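Take a look at the letters that make up each chain.
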Amino acid sequence: MKSVLVLNGPNLNLLGTREPQIYGSATLADVEASLRQQAGHLGLSLACFQSNHEGAIVDRIHAARTEGVSFILINPGAFTHTSVAIRDAFAGVAIPFVEVHISNVHKREAFRHHSYLSDIAEAVMAGFGIQGYGLALQFIAAKLAGAPAK
């Protein structure tokens, strides 16, 4: 069974209460439960991790390599726009990943338009709300099954 790691960065633990007009009312627990159910239907093993600390996310990416993780789905939150360390961790472990954003970062403040991760990601999902997580997981399942990109 292929293993997928879902990483969520800073403030995503506040989903459901933080700026619901932007991020919606679903909690991170709701998102993770939905992904676990979907992963089961797709024949994938799924682990989830959230941290507000950059180093903890870097450490978790490093650990994924020794755990045999096949793909990572990450919503790096604000670290998208600031973290060379997370970028270097992905480059160092060479595990493919999809970058997910609940909001359309390109319709928001100018500082949110740049990502340190997008150019090395397999794909980027932005602006689909929490459905973006599920769409990303479907993409990952197809990639792991060897399906060509459409």
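Think of each chain on its own: its residues are numbered from 1, step by step along the sequence as written. At least 70 in pLDDT is required for a residue's local features to be given in this predicted model, at least 80 for side-chain atom pairs to be given and counted, and no such filter applies to totals for whole chains, interfaces and linings, which use all residues. The basis for the side-chain values is all heavy atoms of the structure; hydrogens and waters are excluded.

### Overview of the environment of glutamate 54
Take glutamate 54: it is sitting in helix α3 (residues 54–66). Sequence separation of glutamate 54 and serine 83 is 29 residues, and the distance between their C-alpha atoms is 7.8 Å. Any two residues having at least one pair of non-hydrogen atoms within 4.5 Å are treated as being in contact. Residue contacts for glutamate 54: discarding those within four places in its chain leaves Phe79, Ser83, Ala85 and Ile86. Polar contacts here mean pairs of N or O atoms no more than 3.5 Å apart (in protein, one a potential hydrogen donor and the other a potential acceptor; neighbouring residues in sequence count only if both atoms are side-chain atoms). Engagement of the side chain of glutamate 54 in a polar contact is seen with the side chain of serine 83, the distance being 2.4 Å. What counts as a helix is a DSSP run of H or I of at least four residues, what counts as a strand is a run of E of at least two, and both are numbered from the N terminus.

### Some details on the UniProt feature "binding site: substrate" (unreviewed entry) in the protein chain
UniProt positions are given in the numbering used here, feature names are shortened, and annotations may be inferred rather than shown by experiment. The feature "binding site: substrate" (unreviewed entry), as annotated in UniProt, sits at Asn75, His81, Asp88, Ile102, Ser103 and Arg112 in this numbering. Checked against the element boundaries, histidine 81 lands in the loop between β3 (71–75) and α4 (84–93). Here's how the labels work: a residue is buried when its accessible area is under 20% of the maximum for its type, exposed when over 50%, partly exposed in between, all with a 1.4 Å probe on protein chains only. Histidine 81 sits in the buried class, given a relative accessible area of 13%. Along the polypeptide, serine 103 turns up in the loop between β4 (97–101) and β5 (123–126). Judged by its relative accessible area of 9%, serine 103 falls in the buried class.

### So, the packing of aromatic side chains
We describe a pair of aromatic rings using the distance from one ring centre to the other and the angle between the two ring planes. Between rings of Phe, Tyr and Trp, where Trp is taken as its six-membered ring, a pair exists when centres lie within 6.5 Å; planes separated by under 30 degrees are stacked, by over 60 edge-to-face, and by other angles tilted. Considering all chains together, one arrives at one aromatic pair under this definition. Look at phenylalanine 90 and phenylalanine 97: their rings are 3.8 Å apart centre to centre, the planes differ by 20°, and that puts the pair in the stacked class. The pair phenylalanine 90 / phenylalanine 97 is uniform in exposure class, with both members buried.

### Side note on the UniProt feature "site: Transition state stabilizer" (unreviewed entry) in the protein chain
If you check UniProt for "site: Transition state stabilizer" (unreviewed entry), the listed places come out as Arg18 in our numbering. Note on placement: arginine 18 falls in the loop between β1 (2–8) and α1 (20–23). With residues up to four places along the chain from it excluded, the contact list for arginine 18 reads Asn11 and Tyr23.

### Comments concerning the pattern of salt bridges
For this analysis, a salt bridge means a side-chain nitrogen from Lys or Arg found within 4 Å of a carboxyl oxygen belonging to Asp or Glu. Summed over all chains, the structure comprises three salt bridges. Close ionic contact of aspartate 119 with arginine 87 constitutes a salt bridge, the shortest N to O distance being 2.6 Å. Here aspartate 119 is found in the loop between β4 and β5, whereas its partner arginine 87 is found in helix α4, with 32 residues between them in sequence. With relative accessibility at 58%, the residue aspartate 119 sits in the exposed group. A relative accessible area of 24% places arginine 87 in the partly exposed class. With its nearest N and O atoms 3.6 Å apart, the salt bridge here joins lysine 143 to glutamate 122.

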